[in-house]
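# Survey of secondary and tertiary structure
The lines below spell out each chain.
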Amino acid sequence: MYHIIALLTAIIWGTTFISTKVLLRAGLHPEDILFYRFALAYAGIWFFCEKRLFAKTVRDEGLFVLLGIFGGSLYFLTENIALEHTLASNVSLLVSVAPLLTAILSHFFLKNEQISRNLITGSLVALAGVALVVFNGSFILQVNPLGDFLSISAALCWAVYTILLKRIENHYSTLFIIRKVFFYGILTILPVFAFNPLTTDTNILFQPTVTANLLYLGFIASLACYFLWNISLKHLGTMKTTNYIYFIPLVTLITSFLVLDERITWVALMGAGCILGGIFWAERRSRN
């Protein structure tokens, strides 16, 4: 069941690139989108979460601040700024190294997570599949040091978020944890608006397509998916769960075909096979 939950979350996250593209074309900035999606999620979670405000200890509260930074503001900021400096295909490919970075960090910082040969082999095969899906028959790689560095930084942010989450997940409810992530994600993005003011133009925000996509990103892709992802991490472990990130570019490809009428080539289909085969091979570690 938890594998299905992780897969469902990855599928939803794979569609968010389309929603984000729609919002950017409508006139919103990357930091605007993060603020509004997290604000909606934060408001929505109060209907389900316990009303306690602070963590049990100052140390735990500090961990929640870091979770909000690495799993919220810094992750989305580095990824979205990277899109302004390099090709979207570069960003998609480089951000997809998050499972490998998570596996490496887990090996050193989490005692119960070990790297197996099958995991490394399967991850590399899946990553190769991601590359085929991302390029989709157009093998154009444009090197941009700043954009590519920011993409890797985003992947590292998500890996750090995953490790930090494992250190605190057994001490608090999942809803309380993600509520704190949303809060500190919002709080730590606020300084950006001192340089680039938040978009509050109602002519933009209340366009039907803008409102619909913000609601989707806030309540489905953030509130629901962060909850489901954290549940999967708790029951499957870091490496099994994060391997489903490899599905995100594949879902984005299919969604682009259905919504934006973008083509799918045989190269992308080969990539899809590599992703499925790589994840299956990585999962064999638990059966050996």
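### As for the overall build of the chain
- Regarding its fold elements, the chain presents 13 helices and zero strands.
- Counted from the first residue to the last, the chain has its helices and strands arranged as α-α-α-α-α-α-α-α-α-α-α-α-α.
- Sequence-distant contacts in the chain: of pairs separated by 6 or more residues, those separated by 24 or more amount to 89%.
- Counting every atom, the chain has about 13200 Å² of accessible surface; 71% of that belongs to carbon and sulfur.

### Let's talk about the packing of aromatic side chains
- A complete count under the given rule lists 20 aromatic pairs for this structure.
- With a centroid separation of 5.9 Å and 85° between ring planes, the pair formed by Phe 38 and Phe 76 is classed as edge-to-face. Here Phe 76 lies in helix α3 (residues 58–85) and Phe 38 lies in helix α2 (residues 30–45), a separation of 38 residues in the sequence.
- A relative accessible area of 0% places Phe 38 in the buried class.
- Its relative accessible area of 11% is what places Phe 76 among the buried residues.
- Between Phe 183 and Tyr 184, the aromatic rings sit 5.0 Å apart at their centres with planes inclined by 75°, giving edge-to-face as the arrangement.
- Here Phe 183 falls in the partly exposed class, since its relative accessible area comes to 32%.
- Taking relative accessible area as the criterion, Tyr 184 reaches 10% and is therefore assigned buried.
- A network of ring pairs unites the aromatic residues Trp 13, Phe 38, Tyr 75, Phe 76, Trp 158, Tyr 161, Phe 182, Tyr 226 and Trp 229 as a single cluster.
- It is Arg 52 that lies over the ring of Phe 176; its NZ or CZ is 4.7 Å from the centre.

### Structural notes on the nonpolar core
- Ranked by internal contacts, the top residues of the largest apolar core, which has 61 residues, are Trp 13, Leu 28, Phe 64, Leu 67, Trp 158, Ile 177 and Tyr 226.
- At nine residues, the largest contribution of residues to this core is made by helix α10 (residues 208–236).
- Sequence-distant contacts of Trp 13, defined by excluding residues within four places in its chain, comprise Trp 158, Ala 221, Cys 225, Tyr 226, Trp 229 and Ile 248.

### Notes on the packing of α2 against helix α8 (residues 174–189)
- Closest axis-to-axis distance for the α2/α8 pair is 9 Å, and the angle between their directions is 145°. In this structure, the crossing between α2 and α8 has a hand that is left-handed. In contact with Glu 31, Leu 34, Phe 35, Phe 38, Ala 39, Ala 41, Tyr 42 and Ile 45 of α2, α8 contributes Leu 175, Ile 178, Arg 179, Val 181, Phe 182, Phe 183, Gly 185, Ile 186 and Ile 189.
- Looking at the contact of α2 with α8, its residues break down into 14 nonpolar, one polar and two charged.

### Here's the deal with the side chain of Asn 213
- Examined against the element boundaries, Asn 213 turns out to sit in helix α10.
- Side-chain polar atoms of Asn 213 contact the backbone oxygen of Thr 209, separated by 2.7 Å.
- Contact partners of Asn 213, with chain neighbours within four places excluded, come to Ser 19, Val 22 and Leu 23.

### Structural notes on the pattern of salt bridges
- For the coordinates displayed, the defined rule picks out three salt bridges.
- When the shortest N-O distance is used, the salt bridge between Lys 166 and Glu 169 registers 2.7 Å. Each of the two residues, Lys 166 as well as Glu 169, counts as buried.

### Digging into the side chain of Thr 9
- By the element assignment, Thr 9 lies in helix α1 (residues 2–26).
- What makes Thr 9 buried here is its relative accessible area of 0%.

### Some words on α10
- Bending of α10 peaks at approximately 35° at the position of Cys 225.
- Looking at the residues trailing α10, positive phi occurs at Gly 237, about 95°.

Definitions and limits used
- Residues numbered from 1 in each chain as written.
- Predicted model: local features only at pLDDT ≥ 70, side-chain atom pairs only at ≥ 80, totals over all residues.
- Heavy atoms only, no water.
- Helix = DSSP H or I, 4+ residues; strand = E, 2+ residues; numbered from the N terminus.
- Contact = heavy atoms within 4.5 Å.
- Areas by Shrake-Rupley, 256 points an atom, 1.4 Å probe, with all protein chains shown as cover.
- Phe/Tyr/Trp six-rings, centres within 6.5 Å; stacked < 30°, edge-to-face > 60°.
- Buried < 20%, exposed > 50% of the residue type's maximum accessible area, 1.4 Å probe, protein only.
- Lys NZ or Arg CZ within 6 Å of the ring centre and 35° of its normal.
- Core = buried A, V, L, I, M, F, W, Y, C linked by side-chain atoms within 4.5 Å.
- Axes fitted to C-alpha atoms, helices over the stretch in contact; angles between N-to-C directions.
- Left-handed = near helix turned anticlockwise from the far one by under 90°.
- Nonpolar A, V, L, I, M, F, W, Y, C, P; charged D, E, K, R; others polar.
- Polar contact = N/O pair within 3.5 Å; in protein donor to acceptor, adjacent residues only side chain to side chain.
- Salt bridge = Lys/Arg side-chain N within 4 Å of Asp/Glu carboxyl O.
- Bend = angle between axes of the 7 residues up to and from the residue.

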